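A structural walkthrough
Here is what each chain is made of, one letter per residue.
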Amino acid sequence: MREFSHNVPNALLNNLNTLQDVVDFYSTPVYATTALEDFTKLDLPKNLHIRTEYHRFDPKSDTWFGGRTAFPGQDTVVTGLKYKKKYKGVKWTDAWPEKQFLND
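None of these values were measured; they are calculated from a predicted model. (Residues numbered from 1 in each chain as written. Predicted model: local features only at pLDDT ≥ 70, side-chain atom pairs only at ≥ 80, totals over all residues. Heavy atoms only, no water.)

1. Examining the overall build of the chain
Regarding its fold elements, the chain presents three helices and zero strands. Secondary structure of the chain in N-to-C order comes out as α-α-α. Among the 104 residues that make up the chain, the fraction classed as buried is 13%. Put simply, 32% of the contacts in the chain that link residues at least 6 apart link residues at least 24 apart. (Helix = DSSP H or I, 4+ residues; strand = E, 2+ residues; numbered from the N terminus. Buried < 20%, exposed > 50% of the residue type's maximum accessible area, 1.4 Å probe, protein only. Contact = heavy atoms within 4.5 Å.)

2. What to know about the environment of V8
Structurally, V8 is set in the segment before α1 (19-27). By relative accessible area, which is 16% here, V8 ends up buried. Residues V8 and F25, 17 residues apart in the sequence, show an inter-C-alpha distance of 8.4 Å.

3. Remarks on the confidence of the model for the chain
Confidence in the prediction for the chain averages 78 pLDDT; 86% of positions are at 70 or higher. The secondary-structure element of the chain with the lowest mean pLDDT is helix α3 (residues 81-84), recorded at 80, while α1 shows the highest, at 90. (pLDDT = per-residue confidence, 0-100.)

4. A word on the layout of surface pockets
Space inside the second largest pocket adds up to approximately 230 Å³. Breaking the lining of the second largest pocket down by element, the ones donating at least two residues are α2 (35-40) and α3. The element that contributes the greatest number of residues to the lining of the second largest pocket is α2, accounting for three residues. Of the residues in the lining of the second largest pocket, the class split is three nonpolar, three polar and four charged. (1 Å grid on protein atoms, 1.4 Å probe; cavity = no way out; pocket = protein on both sides within 12 Å on 5 of 7 lines; lining within 4 Å. Points joined across faces, edges and corners; volume = space filled by probe spheres on them. Nonpolar A, V, L, I, M, F, W, Y, C, P; charged D, E, K, R; others polar.)

5. Notes on the packing of aromatic side chains
On inspection of all chains with the given rule, the structure shows one aromatic pair. Both rings, one in F25 and one in Y26, keep their centres 5.1 Å apart while their planes meet at 80 degrees; by these two values the pair is edge-to-face. Considered together, F25 and Y26 belong to a single accessibility category, that of buried residues. (Phe/Tyr/Trp six-rings, centres within 6.5 Å; stacked < 30°, edge-to-face > 60°.)

Take a look at the structure:
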């Protein structure tokens, strides 16, 4: 499999019944980019902008909307290894999200 530069996922093993199935599988190109990264390489219309460096909300330091979140009580979890170095996760510490609405 190393010679073909990509592995066979377990979910597809049952689909590889003949030699032609294997040839077709390894003939399919494998892209290592996400759809968002592919969009940034396109020649987009002037009225369309894609932000790849987005803003992560942190209730302790953000002043947008008075530090209120659109998702009270929900943790912000960063799962990708690439983005764990760039963005930190936020653990919700309040017992009840009503605190977000008491400042009105």
